Protein chains: 2
Amino acid sequence: MTDDPTRRWATRIRAGERGALARAITLIESLRPEDRAHAEALLDALAPHDAASWRIGVTGPPGVGKSTFIDSLGAALIAAGHRVAVLAVDPSSARSGGSVLGDKTRMQRLAGESAAYVRPTPTGGVLGGVARRSRDTILLCEAAGYDVVLVETVGVGQSEIAVGDIVDVVVVLAMADSGDELQGIKRGLLEVGDVVVVNKADGDRIAASEATRAMLEGALAMARATGDGGWQPRVLTCSSLEDASIVRVVAALLEHRDAVTASGAWAERRIRQRLAALDDAVRTALADLMVCDPEVVQARSDVLPDVSAGRVTAGRGAQAVLAALRGRAPLARPISE
Amino acid sequence: MTDDPTRRWATRIRAGERGALARAITLIESLRPEDRAHAEALLDALAPHDAASWRIGVTGPPGVGKSTFIDSLGAALIAAGHRVAVLAVDPSSARSGGSVLGDKTRMQRLAGESAAYVRPTPTGGVLGGVARRSRDTILLCEAAGYDVVLVETVGVGQSEIAVGDIVDVVVVLAMADSGDELQGIKRGLLEVGDVVVVNKADGDRIAASEATRAMLEGALAMARATGDGGWQPRVLTCSSLEDASIVRVVAALLEHRDAVTASGAWAERRIRQRLAALDDAVRTALADLMVCDPEVVQARSDVLPDVSAGRVTAGRGAQAVLAALRGRAPLARPISE
């Protein structure tokens, strides 16, 4: 049941109250089972979750200038009439010390914008859980009237793959080093980019950045013949300090949006993501049941001694646990005779 | 129920009939649900699965000489009165073309031994599934009277971790290259070794092998202060062509067995493995249910349109699937009002 306080809360989120949105995101991020149920009810109250939003992932290695880039990109999108939310997917924060969005003051331009909402880093957690929570957080931001959601992630492992599963378009930031080589970028990171940006292309790095851009364009043309609906990744240089650079990035993003909307790839990607999210949610809920449901926990404890002594195989023990999960008597006879 | 043919089959396996064992392993490796049920019944009929066996994992990079080493080690163990089964865990066979045990004739000495059973490579599959099937295959071999099971795996990724989860002791094969460096060995591979063998220490490689051995011994003494029950990995040089080498390897393995038996670490490791196998089996069975159970499949199809259109959140859709899995009515009201 969705109770009245939940409906009132939903109404306040829809009205754009920042406090209500912030509290809702905190609820979404909670791992407590009772909070999960409450969060689902709140999301229900905010349904239907329509697709009239633009979810933009921004990834790249540490130090490539993601925060400044997002700050400038967000400001440009607001100037074009959008309302912009900024979130972070950061499965590595526990390990790295958490630089992603750790300091809201790094986004000076967005900090002063009434049409921007910048959410600080969530507090770690497993990748799957982070992805699920990020999906739900995006829905909340959209319900609150933010029609662009920028999702920042550090491209250090699998997180850049995860971000591609929850956004409409991925921007990969790269950087030329003192030569024209890429600096600190992981294999596989470039391949997820719909738009690849050679960032910090200013001062004495301009020539190297342009050489890197040309090299990347050639490499990506060979590596990925067809992206979503035949989209060929665009490769640009950019200085987040120059408005003209950001205008070119926005143009590339619009070009991507138009192309994949026309081809149907946009809608297909959203549907694919929702189905993946469903299966993710089932897996997560099952994993929760294994440790939270009293009958399942009891069934596992009951078979443990026989399994650990080798009297019952793991497969047979699993059947007993599953029977409890399904609320049924085990189909097979007990093993010890 | 365990029917009479299954009991008769079990009796023939216990009597050491190779054809019956081979057919049983093929059954274990089958992915068909009805074969899984039959396999469980057969394993039940062979219970209790006692611990009077010695499970030895052998891993190392491609080209390090695993087959010849296993051939010589197996022959030495047979000479000491054991009966030896050789299995392979090869999650990479689909990709690499499958060199592990692909050619039984590479084990010339074991091929002629009546006390040896060499099982060819299983035909690929996911890592989790391979580990489960390998666990059950080990039980079958033990029921058939093989008191030593040698499990071969290529140390190319996570498989060396997986092999440590199903054996009592892990032998890692390394090799000196033309200098005294290690050749083609992955980070993390050495750490799983209870006994590390610098193989092919013959001809003009003897000096380099000894230098590599000393280097590894020093590195491992620092890296792993205490293994199972305080065991310090032994590092040996070996030429599989020389009986004296293999005798030293067997001595190191016996030393490990005595030490971990005395400390209780042996029994603890087996128990830990069985509990991990239980949880693996539950996960696998749940994944099977998601695609095989008619009610669950139906529930998922029922929510798919609403989830893919964004009308129902993934979390709420998952609750409907779980309700079907548990044979219960969904606890929550439908979302569309």
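You'll find the structure just up there.
Enquirer: Can you help me understand the overall build of chain A in this one?
Expert: When helices and strands are counted, chain A shows 13 helices and seven strands. Of all 337 residues assigned to chain A, the portion counted as buried reaches 53%. Contacts spanning at least 24 positions in sequence make up 73% of the contacts within chain A whose residues lie at least 6 apart. Surface summary for chain A: the accessible area is close to 14,400 Å², and the carbon and sulfur share equals 56%.

Enquirer: Whenever I open this one, the environment of Ala259 of chain A confuses me. Can you help?
Expert: Looking at the secondary structure, you find Ala259 of chain A in helix α10 (residues 243-263). Note: C-alpha distance between Ala259 of chain A and Trp231 of chain A (28 residues apart in sequence) is 7.2 Å.

Enquirer: Please explain the interface of chain A and chain B as it appears in this structure.
Expert: Put simply, an interface is often sized by how much accessible area is lost when its parts join up. On the chain B side, the residues contacting the 51 residues of chain A number 50 residues. With both chains or domains summed, chain A and chain B bury close to 4,200 Å², and 59% of this area falls on carbon and sulfur atoms. Along the contact surface separating chain A from chain B lie six salt bridges. Across the pair Asp293 of chain A and Arg326 of chain B runs a salt bridge, and its minimum N-O distance is 2.9 Å. Counting every contact that joins chain A to chain B gives 14 residue pairs in polar contact (both at pLDDT 80 or more).

Enquirer: Can you walk me through the sheet that holds strand β6 (residues 195-199) of chain A in this structure?
Expert: Within a sheet, neighbouring strands are paired by backbone hydrogen bonds and run either parallel or antiparallel to one another. Residues and elements named next belong to chain A. The seven strands are arranged β3-β2-β4-β1-β5-β6-β7 in an open sheet whose pairing can be described as parallel. If you trace the sheet from one side to the other, it starts and ends with β3 (116-118) and β7 (234-237), each paired once. The average undirected angle you get between the axes of adjacent strands in this sheet is 20°. The pairing of β6 with β7 spans four bridges and is classified as parallel. Directly across from Val198, in β7, lies its bridge partner Thr237.

Enquirer: For this particular structure, what's the right way to read the relation of the copies chain A and chain B?
Expert: Laying chain A over chain B is done by rotating through 179° and shifting 0.0 Å along the axis; what remains is an RMSD of 0.2 Å. Such values leave the two copies arranged in the relation of a two-fold axis. Every residue of chain A has its C-alpha some distance from the rotation axis, and the shortest such distance is that of Arg326 of chain A, at 1.9 Å. In this assembly, 98% of the residues forming the interface of chain A have copies in chain B that are likewise at the interface, indicating an isologous arrangement.

Enquirer: Sorry, what's going on with the environment of Leu275 of chain B here?
Expert: Residue position: Leu275 of chain B is located in helix α11 (residues 265-292). For Leu275 of chain B, the residues in contact, after removing those within four places along its chain, are Leu304 and Ser308 of chain A.

Enquirer: Looking at this structure, how should I read the packing of helix α1 (residues 4-14) of chain A against helix α3 (residues 33-45) of chain A?
Expert: Between two packed helices, what matters for the description is the angle formed by their axes and the separation of those axes. All names here are of chain A. As a packed pair, α1 and α3 sit with axes 9 Å apart at the nearest point and diverge in direction by 55°. Put simply, α1 runs oblique to α3. Considering how the two elements wind past one another, α1 and α3 form a crossing that is right-handed. Residues Thr6, Arg7, Trp9, Ala10, Ile13 and Arg14 of α1 pack against His38, Ala41, Leu42 and Ala45 of α3. Looking at the contact of α1 with α3, its residues break down into six nonpolar, two polar and two charged.

Enquirer: So what exactly am I meant to see when it comes to the environment of Trp9 of chain B here?
Expert: Residues and elements named next belong to chain B. On the secondary structure map, Trp9 appears in helix α1 (residues 4-14). C-alpha separation for the pair Trp9 and Ala20, spaced eleven residues apart in sequence, amounts to 6.7 Å. Leave out the neighbours within four places in its chain, and Trp9 touches Ala20, Arg23, Ala24, Leu27, His38 and Leu42. A distance of 3.1 Å separates the side chain of Trp9 from the backbone oxygen of Ala20, its partner in a polar contact.

Enquirer: Sorry, what's going on with the packing of helix α2 (residues 18-29) of chain A against α3 of chain A here?
Expert: All names here are of chain A. Where α2 meets α3, the closest approach of the two axes is 8 Å, and the angle between their N-to-C directions is 130°. Classed by the angle they form, the pair α2 and α3 counts as oblique. For the crossing formed where α2 meets α3, the hand is left-handed. On the side of α2, the interface is formed by Ala24, Leu27 and Ile28, while α3 contributes Asp35, Arg36, His38, Ala39, Leu42 and Leu43. Split by residue class, the contact of α2 with α3 holds six nonpolar, one polar and two charged.

Enquirer: I would appreciate a short explanation of unusual backbone geometry in the present structure.
Expert: Where the residue is not glycine, phi is negative for most of them; where a peptide bond is considered, it is trans in most cases. A positive phi angle, near 60°, is found at Lys200 of chain A, a position not held by glycine. As for its position among the elements, Lys200 of chain A is in the loop between β6 and α9 (206-223).

Enquirer: Any chance you could explain the pairing of strand β5 (residues 169-175) of chain A here in plain terms?
Expert: Both faces of the sheet carry side chains from a regular strand, because those side chains alternate between them. Residue and element names in this part refer to chain A. With respect to burial, β5 is a largely interior element, seven of its seven residues being buried. The two faces of β5 match: Val169, Val171, Leu173 and Met175 on one face and Val170, Val172 and Ala174 on the other face are all buried. Pairing analysis gives four bridges linking strand β1 (residues 54-60) to β5, with the strands arranged parallel. Its bridge partner being in β5, Ile56 is matched across the sheet by Val169. In terms of strand pairing, β5 meets β6 through five bridges, oriented parallel. The residue of β6 that forms the bridge with Met175 is Asn199.

Enquirer: What should I look at first to understand the side chain of Thr6 of chain B in this one?
Expert: Residues and elements named next belong to chain B. Its place among the elements puts Thr6 in helix α1. With relative accessibility at 2%, the residue Thr6 sits in the buried group. A polar contact is formed between the side chain of Thr6 and the side chain of His38, at a distance of 3.5 Å. Sequence-distant contacts of Thr6, that is, excluding residues within four places in its chain, are made with His38, Ala41, Leu42 and Ala45.

Cut-offs and rules
- Residues numbered from 1 in each chain as written.
- Chains lettered and ligands numbered in written order.
- Predicted model: local features only at pLDDT ≥ 70, side-chain atom pairs only at ≥ 80, totals over all residues.
- Heavy atoms only, no water.
- Helix = DSSP H or I, 4+ residues; strand = E, 2+ residues; numbered from the N terminus.
- Buried < 20%, exposed > 50% of the residue type's maximum accessible area, 1.4 Å probe, protein only.
- Contact = heavy atoms within 4.5 Å.
- Areas by Shrake-Rupley, 256 points an atom, 1.4 Å probe, with all protein chains shown as cover.
- Buried area = accessible area lost by both parts, 1.4 Å probe.
- Salt bridge = Lys/Arg side-chain N within 4 Å of Asp/Glu carboxyl O.
- Polar contact = N/O pair within 3.5 Å; in protein donor to acceptor, adjacent residues only side chain to side chain.
- Pairing = 2+ DSSP bridges.
- Axes fitted to C-alpha atoms, helices over the stretch in contact; angles between N-to-C directions.
- Least-squares fit on C-alpha atoms with pLDDT ≥ 70 in both.
- Parallel < 35°, antiparallel > 145°, perpendicular 65-115°, else oblique.
- Left-handed = near helix turned anticlockwise from the far one by under 90°.
- Nonpolar A, V, L, I, M, F, W, Y, C, P; charged D, E, K, R; others polar.

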